[in-house]
Amino acid sequence: MTKKENNEPGKAMIDRRLFLKSTALGLAGTALPLKKARASIWNSFFQEHFSEMDDGEIKKVLERLEQENQKKYGRNIDIRADKPIEGVKFAYALDLSRCVGCRKCVYACVSENNQSRNPQIHWISVLKFKKDDKWIDLENADRYYDPNLVPEDDSFYMPVQCQQCEDPPCVKVCPTQATWKEKDGIIVVDYNWCIGCRYCMAACPYGARHFNWSKPGIPKDEINPNTHYLGNRPRYKGVVEKCTFCVQRTRVGKYPACVEVCPVGARKFGDLLDPDSEIRYIIENKRVFRLKEDLNTIPKFYYFFAT
Amino acid sequence: MKKNIIIVLLSIFTGFVFATDTIGETKEFFVPPPAYPERVFPCTRCHDNVPIKVQERILTMNHADIVFDHAEEQRWCLDCHDAKNRNKLKMINGNKIDFDGSYNLCGQCHGTIFRDWKQGVHGKRIGMWNGKKLNRLCINCHNPHQPAFKPLEPQDRPLKPLEANLTPKKKAGINDQERK
């Protein structure tokens, strides 16, 4: 099964599982990629869990991945691993009375976060509701609306992306701990640990996780080279990905790309623990709600109507 | 919209104006410079020579491009523009303010929105979530003479599942724009 050189860490992960299984059967030797194994494969095969690596080990992993990407994409892609900022918990708010459904956020997210163009992956879906609809029905909302101009009469729009739950069901079901909640509250995926079982996708009530059914297709010159290990670095076939509130930007003080691009200023972002943040002002002064509150996932993504 | 975005971008290179809140507390807002077209400023270039006419009328000699649709029944240009010094805006109490403080002018009548704007809730701030922020001016999004927000062209809708399957494999790597 491992005759061919294997560059996809997702597969290496499967190999690792097989390896562990076969070791138990005393067959370790046969399951290992013995022949043409390069050092890099061995390294990704035995890469420790992200949370258990020290800074030196992380640095080595990043260097290895940067070299791999250099080969794959023929250009330099910087991968950082900025840690959560101490004492900060990120939260998001979206003003439904302003959103006009223009989808600028969708595509700003695609290019900032290196989402596959073909096949198409969008971390943000904008749902359209008729004003008198039973609009909380997310599953049956219209996401393919296509008029000449927005907003349309009698409609309102609700962008949905990862809700960064405090109690994330996706994390609980992951069999390999490839996804977890960071100290600043965002849920991340280690693409080198994800084995692509997609349990997390089934568990997510918001449809916020996306699977790479084939190799992500991004034109080389459109790759954003400023990446984070747990965020927008290039992904592999067979792994799950999702919004991280732009971890590569927010951990250095910037706003997420979707906040910056929104032409109507409907998107708000900040530190939930800072009493002077705009997020806290919104929670304290506006009527806010969260999606599917009854599920007790406790999203850190608030929707509100400013007027 | 496009014009405004360009102006905001430009201002990143030309440095910002610090404008102060003249009603209420004296908090400073970091705002881009005003967005009027350069050809009309300074207004006094002409207006020092144009006789002041206060009556409402259709303007034909100049500013014919301005469509006035902002509570126009109760109001006329000179409620907001100072008649004697056209480089200034005029507050209801008669105070003159600079164009870069135009949010104070709007705030007189749109109090609730103004309060939200100061908190970064109405309108938009860019910059650092934990540091210096730049407030977008009211007039970057609303034309003061025709303030209703202009409808926008939406970007491409996502592909439906079937359409996605129909995409030929060998085209992988080509972006959506090129595929059309």
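Residues numbered from 1 in each chain as written. Chains lettered and ligands numbered in written order. Predicted model: local features only at pLDDT ≥ 70, side-chain atom pairs only at ≥ 80, totals over all residues. Heavy atoms only, no water.

### Quick look at the sheet that holds strand β2 (residues 90-95) of chain A
Residues and elements named next belong to chain A. Read from one edge of the open sheet, 4 strands run β10-β2-β12-β11, paired in mixed fashion. One side of each edge strand has no neighbouring strand; the edge strands of this open sheet are β10 (267-271) and β11 (288-289). Of the strand pairs in this sheet, β2 and strand β12 (residues 301-304) are connected by 4 bridges, and their pairing is parallel. Among the inter-strand pairings, A93 is bridged to a residue of β12, identified as Y302. Most of the contacts of helix α10 (residues 278-285) go to β10, to which it runs at about 110 degrees, and overall it touches β2, β10, β11 and β12. (Pairing = 2+ DSSP bridges. Helix = DSSP H or I, 4+ residues; strand = E, 2+ residues; numbered from the N terminus. Contact = heavy atoms within 4.5 Å. Axes fitted to C-alpha atoms, helices over the stretch in contact; angles between N-to-C directions.)

### Focus: the packing of aromatic side chains
Going through the model one piece at a time under the given rule, you end up with 19 aromatic pairs over all chains. One aromatic cluster is present, built from ring pairs that chain together F90, Y92, F245, F269, F289, F301 and Y303 of chain A together with W129 of chain B. The ring of F211 of chain A carries the charged tip of R198 of chain A above its face, separated from the ring centre by 5.0 Å. Cation over ring: R233 of chain A sits above Y229 of chain A, and NZ or CZ is 4.0 Å from the ring centre. (Phe/Tyr/Trp six-rings, centres within 6.5 Å; stacked < 30°, edge-to-face > 60°. Lys NZ or Arg CZ within 6 Å of the ring centre and 35° of its normal.)

### Observations regarding the pairing of β2 of chain A
A regular strand carries its side chains on alternate faces of the sheet. Residues and elements named next belong to chain A. Judged by how many residues are buried, β2 sits mostly within the fold: 6 of 6 residues are covered. Residues F90, Y92 and L94 of β2 are buried on one face, and the alternating residues A91, A93 and D95, pointing to the opposite face, are buried as well. Note: β2 against β10, 5 bridges, orientation antiparallel. Along β10, the bridge assignment pairs Y92 with F269. (Buried < 20%, exposed > 50% of the residue type's maximum accessible area, 1.4 Å probe, protein only.)

### Let's talk about the interface of chain A and chain B
Of the residues lining the interface, 47 residues belong to chain A; the matching set on chain B comes to 38 residues. Between chain A and chain B lies a buried interface of about 3,600 Å² when both sides are counted; carbon and sulfur atoms form 56% of it. In terms of surface lost to chain B, no three residues of chain A exceed N118, Y144 and Y281 of chain A, which account for 18% of the buried area on that side. With a closest N to O distance of 2.6 Å, D116 of chain B and K286 of chain A form a salt bridge. Where chain A meets chain B, there are 17 residue pairs in polar contact (both at pLDDT 80 or more). Looking at the side of chain A that touches chain B, the elements with two or more residues in it are α5 (104-112), α9 (257-261), β10 and α10 of chain A. (Buried area = accessible area lost by both parts, 1.4 Å probe. Salt bridge = Lys/Arg side-chain N within 4 Å of Asp/Glu carboxyl O. Polar contact = N/O pair within 3.5 Å; in protein donor to acceptor, adjacent residues only side chain to side chain.)

### Quick word on the confidence of the model for chain A
Residue and element names in this part refer to chain A. Predicted confidence across chain A gives a mean pLDDT of 88, with 84% of residues reaching 70 or more. Confidence drops under pLDDT 50 across residues 1-7; counting only partners more than four residues distant or on other chains, this segment forms 14 contacts. Residue range residues 16-37 is modelled with pLDDT below 50. Its contacts to residues more than four positions away, or to other chains, number 25 contacts. (pLDDT = per-residue confidence, 0-100.)

### Focus on the environment of A91 of chain A
Residue and element names in this part refer to chain A. Structurally, A91 is set in strand β2. Sequence spacing of A91 and K300 is 209 residues, and the spatial spacing of their C-alpha atoms is 5.0 Å. When sequence neighbours within four positions are dropped, the list of residues in contact with A91 reads F245, K268, F269, G270, L272, I279, K300 and Y302.

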